[in-house]
2 protein chains.
Amino acid sequence: MSEKNSITLEQNEVILGRGLRGTTVDSSSICHIEGDKGLLCYRGYSIEELAGKVNYEDVVHLLWYGELPSPTEREAFVTKMRASRMLPNEILALLKTIPTNANPMDAIRTSISMLGALEENTPPDSFNDEVNNERALKILANLPIIVAAFHRIRTDKPIPEIRHDLNEAAHFLYLLTGKVPNPNIISTLDLLYILQAEHSFNNSTFSSRVIISSKTDLYSAITAAIGSLKGPLHGGANQGIIPMLKDIGSVDNVAPWIHDKLAKKELIMGIGHPVYKTYDPRAMLLKNVLNEFSEELENDTWIKLSNAIQQIMLEEKNLYANIDFYSAPVYHSLGIPSDLFTPIFAIARTGGWIAHAFEQIKNKSIYRPKAKYVGAPSGKKVS
Amino acid sequence: MSEKNSITLEQNEVILGRGLRGTTVDSSSICHIEGDKGLLCYRGYSIEELAGKVNYEDVVHLLWYGELPSPTEREAFVTKMRASRMLPNEILALLKTIPTNANPMDAIRTSISMLGALEENTPPDSFNDEVNNERALKILANLPIIVAAFHRIRTDKPIPEIRHDLNEAAHFLYLLTGKVPNPNIISTLDLLYILQAEHSFNNSTFSSRVIISSKTDLYSAITAAIGSLKGPLHGGANQGIIPMLKDIGSVDNVAPWIHDKLAKKELIMGIGHPVYKTYDPRAMLLKNVLNEFSEELENDTWIKLSNAIQQIMLEEKNLYANIDFYSAPVYHSLGIPSDLFTPIFAIARTGGWIAHAFEQIKNKSIYRPKAKYVGAPSGKKVS
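These remarks concern the structure in this document. (Residues numbered from 1 in each chain as written. Chains lettered and ligands numbered in written order. Predicted model: local features only at pLDDT ≥ 70, side-chain atom pairs only at ≥ 80, totals over all residues. Heavy atoms only, no water.)

Okay, the overall build of chain A next. Tallying secondary structure elements over chain A gives 16 helices and five strands in all. In terms of overall size, chain A behaves like a compact globule, its C-alpha atoms giving a radius of gyration of 22 Å where 383 residues would be expected to give roughly 21 Å. A principal-axis box enclosing the C-alpha atoms of chain A has dimensions of 70 × 55 × 50 Å. Residue burial in chain A is summarised as follows: out of 383 residues, 62% are buried. Within chain A, contacts between residues separated by at least 24 positions form 73% of all contacts whose residues are at least 6 apart in sequence. Accessible surface computed for chain A: about 14,500 Å², of which carbon and sulfur atoms make up 49%. Here chain A holds 39 positive side-chain charges and 43 negative ones, and the gap between their average locations is 7 Å. (Helix = DSSP H or I, 4+ residues; strand = E, 2+ residues; numbered from the N terminus. Rg over C-alpha atoms; globule rule 2.2 N^0.38 Å. Buried < 20%, exposed > 50% of the residue type's maximum accessible area, 1.4 Å probe, protein only. Contact = heavy atoms within 4.5 Å. Areas by Shrake-Rupley, 256 points an atom, 1.4 Å probe, with all protein chains shown as cover. Lys, Arg positive; Asp, Glu negative; His and termini not counted. Charge placed at Lys NZ, Arg CZ, Asp CG, Glu CD.)

Quick look at the pairing of strand β2 (residues 31–34) of chain B now. On a regular strand, each side chain points to the face opposite its neighbour's, so the side chains alternate between the two faces of the sheet. Residue and element names in this part refer to chain B. Of the pairings in the sheet, the one linking β2 to strand β3 (residues 39–42) comprises four bridges and is antiparallel in character. Following the sheet pairing, I33 is matched in β3 by L40. Connecting β2 to the next strand, β3, in antiparallel fashion are four residues, including G38 with a positive phi near 65 degrees. (Pairing = 2+ DSSP bridges.)

So, on to the pairing of β3(B). Summarising the sheet, β3(B) and strand β4 (residues 45–46) of chain B pair through two bridges and their orientation is antiparallel. If you follow B:Y42 over to β4(B), its bridge partner there is B:Y45.

Mapping chain A onto chain B calls for a screw motion: a turn of 180 degrees about the axis and a shift of 0.0 Å along it, with 0.0 Å RMSD after fitting. What the rotation and shift describe, once combined, is the action of a two-fold rotation axis. Minimal C-alpha distance to the rotation axis in chain A is attained by A:A224, lying at 2.2 Å. Comparing interface residues between copies, 100% of those in chain A also lie at the interface in chain B; the contact surface is shared. (Least-squares fit on C-alpha atoms with pLDDT ≥ 70 in both.)

Here it is as structure tokens:
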């Protein structure tokens, strides 16, 4: 542990990595990751097992309630979720006052907070399961509508009518583009939702847990998580991939471009992951689907570029691409602008954030750590 | 450590209290607390030393930049802070659409998030000192205006014109009530601001640090901290004091009321503190001021009630009142409704939240702890 990443403590004090790196802070039944094996499981199901067999809606049920839904449960859950779809007039008005060149993460952070404010006198400690389940569905069902509405408003296009016959992935694409895309595109976004739904105690999920531990409401926790995800050390990282691919420009330029970066000891965006010491299983799944899927796309340059970069990095540095690396080109190929990649990540991760908030609520202990004081000695006098 | 408050870990794993209770997670130069001595220092100055000698504005400068301002620095700092006072039309419009019976914490959480959204394309990683200093002043100067504006709107009163000749405490009371109060009242609120400005790694301050560690922007961090403070295990606790005092009703009823609660093993609100094992130094200072100050007030019942409760709890349980216990009756005596006590706490604590965000920015490490997985074994199959 380098000096920069550690703090020096007195005898009997525990030495922890800065940012609690590598420190186990709680137990959880939601997500199991074995970074050295490339294993990611949601409540016992590997993502490889879930991909293609179930939809995002099933995964949300699994994360929140511990089990995949039975057909009857699924029907009830999906019906309730779709019935929660709305765009309150107050949020529509709010979105219209946000500058068109604002960061969309600011727009959704504000809108989810507003969704809570519109619940008249939201009791902070409504740790009533029924109330929280309703709020959870409301947040999950509204966030994609808010993202799409903000994009339609800023591009001066009408917001399509909300529909109740489409699944989450299809409905979002329909709202965003004005038309229902083909089934392959829908199932690709559905897969992206599944793969990004949950990833244990990452920064935004930990934020959701820390905040709800004060017994505040679910809106406060998810608003905070959105703010965290915006950061370039976290969800914001996926916005850097397309500019990098544009800078490279062509498959022929991949090798010289990478060698130049490596010579300058610069980082290659989307390569390597702090948790996975082997391949990122999400990137692996996505890569396979993308290779098939690329024929569907009008422009597959981005996917070819990504594959070429991955190959060189693996051969020369034994480093694998992470999920950002493959999600960015697919979003781009679908015509989605870079600044919506993080909001889409937020839509997917809301499943995990809420699952962790639900689990934290049962823990009852408020997060309140200590700091070692290293400042001016006490006893200073006002001159 | 009871089973409920701990997690069982494998060999070589560190055992931490749930909620990181008692765990040192980082070093900090901002605040020093010795709970067994009743000591609270901001950057080396005890709160007893600061109280009455400096104003909240000086304390904010101390917390953010490490030193009390020189007269020249003070002039520049205060001028800049007052010049940042505004109520953007978009936020005024937003506040008007929030239901009048919404929790004011929801209103301010949404408004501070909106303040960020209005900064066109807020770069998430603008860890530029100049940009962050401007944002910090904007948040600090606007939060009280937002609280007052929401209250004026919900009580169907016009919002007074923003002024630049009043200090923070005076300006807030002027906006809230429509008139500049007498100097004793102003200096009491100023003292309350100072005493609530900072308290090390409490839940909301830790939230501010966790969130900004993803390199997101300052608005995201403060929005999150407001959401955390709302919780009844944290800032929301001060809203329970007045209902308790109303329930007791008269000084004569204090002893029987307390004995009844103690017999039922129920908690007495505002008594005891998880950090202070002796007196809460903030409550002590406030009590002294209140006793003098009560002659100024038209109705000092609440203060007499509080003093009587404190005396019994100290004699019979050796427990001291905490800051909530004395801040609530003074707010109430000033005619401030209970649901604004937490927003006022937020106004004061913004000083500390921002100081910690500034310190965290320099740390560079993102908060990303681990969880011990205790859920279903991997290998489950979709049936």
